[in-house]
Amino acid sequence: MDVDWSHRGEYMRAKHGITVAWANEALADPDALVEVPDPASKSGVSDRTTGWSTGAGDLVVVITTTEEDGTTYGLNGWLANSTARRKYDNQKGSTA
């Protein structure tokens, strides 16, 4: 997935310590849990992906949105909490 981080990449790094490279690794995880739309989204236009980042050495939650023209923008990312880890592990176990 090609993601444009030009608007929020620096914010994500400053706020949560997550680099664009780590977020992109999580998005590329073949076992990623993708929630469309993001269940925490108030607008319903963002998606949530929880995936493994080798660079972070951890699970990373990434929020993206896709515009009508097909451009996907990265909005935010952080290390997964226990709830996100459980959801990732449960869906991964059910597909294995």
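All of the points below concern the structure found in this document. (Residues numbered from 1 in each chain as written. Predicted model: local features only at pLDDT ≥ 70, side-chain atom pairs only at ≥ 80, totals over all residues. Heavy atoms only, no water.)

Comments concerning the packing of aromatic side chains
Taken as a whole, this structure holds zero aromatic pairs when the rule is applied. Across from the ring centre of tyrosine 11, 4.1 Å away, lies the NZ or CZ of arginine 8, which sits over that ring. (Phe/Tyr/Trp six-rings, centres within 6.5 Å; stacked < 30°, edge-to-face > 60°. Lys NZ or Arg CZ within 6 Å of the ring centre and 35° of its normal.)

A few points about the nonpolar core
Val3, Trp5, Met12, Ile18, Ala23, Ala26, Leu27, Val60 and Val62 together form the largest nonpolar core, which totals nine residues. Listing elements by their share of this core, those giving two or more residues are α2 (20–28) and β4 (58–66). With three residues, the top contributor of residues to this core is α2. Setting aside residues no more than four positions away along its own chain, leucine 27 makes contact with Met1, Val3, Thr49, Val62 and Thr64. Formed by seven residues, the second largest nonpolar core is a distinct cluster that contains Leu33, Leu59, Val61 and Ala84. (Core = buried A, V, L, I, M, F, W, Y, C linked by side-chain atoms within 4.5 Å. Buried < 20%, exposed > 50% of the residue type's maximum accessible area, 1.4 Å probe, protein only. Helix = DSSP H or I, 4+ residues; strand = E, 2+ residues; numbered from the N terminus. Contact = heavy atoms within 4.5 Å.)

Thoughts on the environment of leucine 79
For leucine 79, the position within the fold is in strand β5 (residues 72–79). A residue is classified by how much of its surface remains accessible, and leucine 79, at 43% relative accessible area, is partly exposed. Taking the C-alpha atoms as reference points, leucine 79 and tryptophan 52, 27 residues apart in sequence, are found 9.9 Å from one another. Contacts of leucine 79, omitting those with residues within four sequence positions, involve Ile18, Asp58, Leu59 and Val60.

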